[in-house]
Amino acid sequence: MKSLFHLAFNVTDLERTRQFYGGVLGCREGRSTTTWVDFDFFGHQLSMHLGEPFKTAATGHVGDHLVPMPHFGLVLALPDWQVLAQRLQNASIDFILEPQLRFAGQPGEQWTMFFCDPFGNPIEIKGFKSIDTLYAT
């Protein structure tokens, strides 16, 4: 079965949302009203509504790093991840965790990067040589 993921969360400014998700990340805008906007987030639906963003804290232990929780993200094929990483670096994004290889030579080897949208919502983007190894143990 093929399915799409939907996530709705709060932001405080829809124009800044459009600039970041549309302009920086390159996501196509979908429907909107005066209180929310949808984006095609690499094939999945994000709906940003005006309101108070999630509270987050760096409590997730992954490898040698503490990462913000909760967070959402995306898994890409490595070539697509590399293109997006370069796009974000060119946009001078402040990374929580710079683009890097994690778990080298181990099951689940992956490239990762963490950053926040303008409202503090943490995003992790992972890259895999083969998506089939996503759940490798």
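Everything numeric here is computed off the predicted structure, so don't read it as measured data. (Residues numbered from 1 in each chain as written. Predicted model: local features only at pLDDT ≥ 70, side-chain atom pairs only at ≥ 80, totals over all residues. Heavy atoms only, no water.)

### What about the pattern of salt bridges?
Then step 1. The final tally for this structure, using the stated rule, is 5 salt bridges.
Then step 2. Between Arg102 and Glu124 there is a salt bridge; the shortest N-O distance is 2.6 Å. You can see Arg102 sitting in strand S8 (residues 95–102) and its partner Glu124 sitting in strand S10 (residues 122–128), a full 22 residues away along the chain.
Then step 3. A relative accessible area of 7% means that Arg102 is categorised as buried.
Then step 4. When the shortest N-O distance is used, the salt bridge between Lys129 and Glu109 registers 3.8 Å. In this pair, Lys129 is assigned in the segment after S10 and Glu109 in the loop between S8 and strand S9 (110–116), connecting sequence segments 20 residues apart.
Then step 5. You can call Lys129 exposed: its relative accessible area is 64%. (Salt bridge = Lys/Arg side-chain N within 4 Å of Asp/Glu carboxyl O. Helix = DSSP H or I, 4+ residues; strand = E, 2+ residues; numbered from the N terminus. Buried < 20%, exposed > 50% of the residue type's maximum accessible area, 1.4 Å probe, protein only.)

### Some details on the pairing of strand S6 (residues 65–69)
The side chains of a regular strand alternate between both faces of the sheet.
Then step 1. With 5 bridges joining them, strand S5 (residues 57–62) and S6 adopt antiparallel strand pairing. Looking across to S6, one finds that Ala58 is bridged to Pro68. (Pairing = 2+ DSSP bridges.)

### Examining the sheet that holds strand S7 (residues 72–77)
Then step 1. Strand order in the open sheet made by the 4 strands is S7-S10-S9-S8, with mixed pairing throughout. What marks the edges here is a single partner per strand, and that holds for S7 and S8. Taken pair by pair, the neighbouring strands of this sheet meet at an average axis angle of 15°, ignoring direction.
Then step 2. In the sheet, S7 pairs with S10 via 6 bridges, with the strands oriented parallel. Residue pairing in the sheet places Leu76 in a bridge with Gly127 of S10. (Axes fitted to C-alpha atoms, helices over the stretch in contact; angles between N-to-C directions.)

### As for the packing of aromatic side chains
Then step 1. For the structure shown, the criterion picks out 8 aromatic pairs.
Then step 2. Seen from their ring centres, Phe41 and Phe72 are 5.8 Å apart, and the 65° between their planes marks the pair as edge-to-face. In this pair, Phe41 is assigned in strand S3 (residues 36–41) and Phe72 in strand S7, connecting sequence segments 31 residues apart.
Then step 3. Chaining the aromatic ring pairs together yields one cluster made of Phe9, Phe20, Tyr21, Phe39, Phe41, Phe42, Phe72, Phe95 and Phe115. (Phe/Tyr/Trp six-rings, centres within 6.5 Å; stacked < 30°, edge-to-face > 60°.)

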